[in-house]
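# Descriptive analysis of the structure
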Amino acid sequence: LGSGVAWGATWSINICGVTRWTLVPSQHSRLVATDAAEPHPNWRERLDTAGVHPIELDQHPGEILLIPPGWYFQTESLTDTLSILHHFVNAATALSPLPRLDAIVSALRARLSPPDATHIPTVLHLLRHATGMDPIQIRNMTAGVLYRRGAHTPGP
């Protein structure tokens, strides 16, 4: 189970083959992942219990799929498949990572002992593991998007 949940939208194009997508809209994110952005091991059961049905669709060659920010997804290749997937941030989603990042850091710190929760290298290591980025990369990415879109924010 993955997501562009912290960073923005995701797009995918199939070059060849068929991919089955299972999509969970952002309003159901608490059913499928922890506050630290880690998938619940029993996320499908949690959706079933809540009466929520994920969206399932098959993507064929040449089809492009756009997944909105905050949606979780899982893929399964039904045939030999070659596809390109990219997470992206644009002007409309540039600031959306910040509250999510704050929630992830708070959740990570809550699980640590008091000395570890204040040990910045430990928190940064866990943040990189949970999100694939660190705060400096996030700041640079967000500032760059805003700068290129004409906002009055200095670039990276």
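Residues numbered from 1 in each chain as written. Predicted model: local features only at pLDDT ≥ 70, side-chain atom pairs only at ≥ 80, totals over all residues. Heavy atoms only, no water.

Within the protein chain, the secondary structure is distributed over six helices and seven strands. In sequence order, the protein chain lays out its α and β elements as β-β-β-α-α-β-β-β-β-α-α-α-α. Here the protein chain, with 156 residues, has 35% of them falling under the buried criterion. A fraction of 73% describes how many contacts in the protein chain between residues 6 or more apart in sequence connect residues 24 or more apart. Accessible surface, the protein chain as shown: approximately 8,800 Å² in total, 58% of it carbon and sulfur. (Helix = DSSP H or I, 4+ residues; strand = E, 2+ residues; numbered from the N terminus. Buried < 20%, exposed > 50% of the residue type's maximum accessible area, 1.4 Å probe, protein only. Contact = heavy atoms within 4.5 Å. Areas by Shrake-Rupley, 256 points an atom, 1.4 Å probe, with all protein chains shown as cover.)

What follows is about the sheet that holds strand 5 (residues 64-67). Read from one edge to the other, the open sheet built from three strands follows the order 5-2-7, with strand pairing classed as antiparallel. Both outer strands of the open sheet, strand 5 and strand 7 (82-88), are each paired with one neighbouring strand and no more. Taking each pair of neighbouring strands and ignoring which way they run, the sheet shows an average axis angle of 15°. Summarising the sheet, strand 2 (residues 9-16) and strand 7 pair through seven bridges and their orientation is antiparallel. From the neighbouring strand, Asn14 faces strand 7, where its bridge partner is Ser83. (Pairing = 2+ DSSP bridges. Axes fitted to C-alpha atoms, helices over the stretch in contact; angles between N-to-C directions.)

We now examine the pattern of salt bridges. According to the stated counting rule, one finds two salt bridges in the structure shown. Between Arg20 and Asp58 there is a salt bridge, and its shortest N-O distance comes to 2.7 Å. You can see Arg20 sitting in strand 3 (residues 19-24) and its partner Asp58 sitting in strand 4 (residues 55-59), a full 38 residues away along the chain. With its nearest N and O atoms 3.7 Å apart, the salt bridge here joins Arg44 to Glu56. Placement of the pair is Arg44 in helix 2 (residues 43-49) and Glu56 in strand 4, with a sequence separation of 12 residues. (Salt bridge = Lys/Arg side-chain N within 4 Å of Asp/Glu carboxyl O.)

Another aspect to go through is the nonpolar core. Ranked by internal contacts, the top residues of the largest apolar core, which has 16 residues, are Val24, Val32, Leu47, Tyr72 and Leu127. For this core, the elements supplying multiple residues, two or more each, are helix 2, helix 3 (97-110) and helix 5 (120-131). With four residues, helix 3 is the single largest residue contributor to this core. (Core = buried A, V, L, I, M, F, W, Y, C linked by side-chain atoms within 4.5 Å.)

Attention now moves to helix 5. Taking 1.5 Å per residue, 12 residues should reach 16 Å; helix 5 reaches 16 Å between its end C-alpha atoms and fits that length. Residues of helix 5 that are buried include every one of Val123, Leu127 and Thr131, and no others. With its buried residues spanning 45° around the axis, helix 5 presents them on a single face. In helix 5, the exposed positions angled more than 90 degrees off the buried face are occupied by Pro121, His125 and His129. (Expected span 1.5 Å × (residues − 1). Arc of directions from axis to C-beta.)

As a further point, take the packing of aromatic side chains. This model, assessed by the stated rule, comprises one aromatic pair. Plain terms: the ring middles of Trp21 and Phe73 are 5.4 Å apart, the flat faces sit at 55° to each other, and that makes the pair tilted. Here Trp21 is found in strand 3, whereas its partner Phe73 is found in strand 6 (residues 72-77), with 52 residues between them in sequence. You'll find Trp21 and Phe73 in the same group, each marked buried. (Phe/Tyr/Trp six-rings, centres within 6.5 Å; stacked < 30°, edge-to-face > 60°.)

Attention shifts here to the pairing of strand 5. By the alternation rule, side chains of strand 5 split into Leu65 and Ile67, which are all buried, and Ile64 and Leu66, of which none is buried. Across four bridges, the pairing between strand 2 and strand 5 is antiparallel. Each residue of the ladder has a partner; that of Ile13, found in strand 5, is Ile64.

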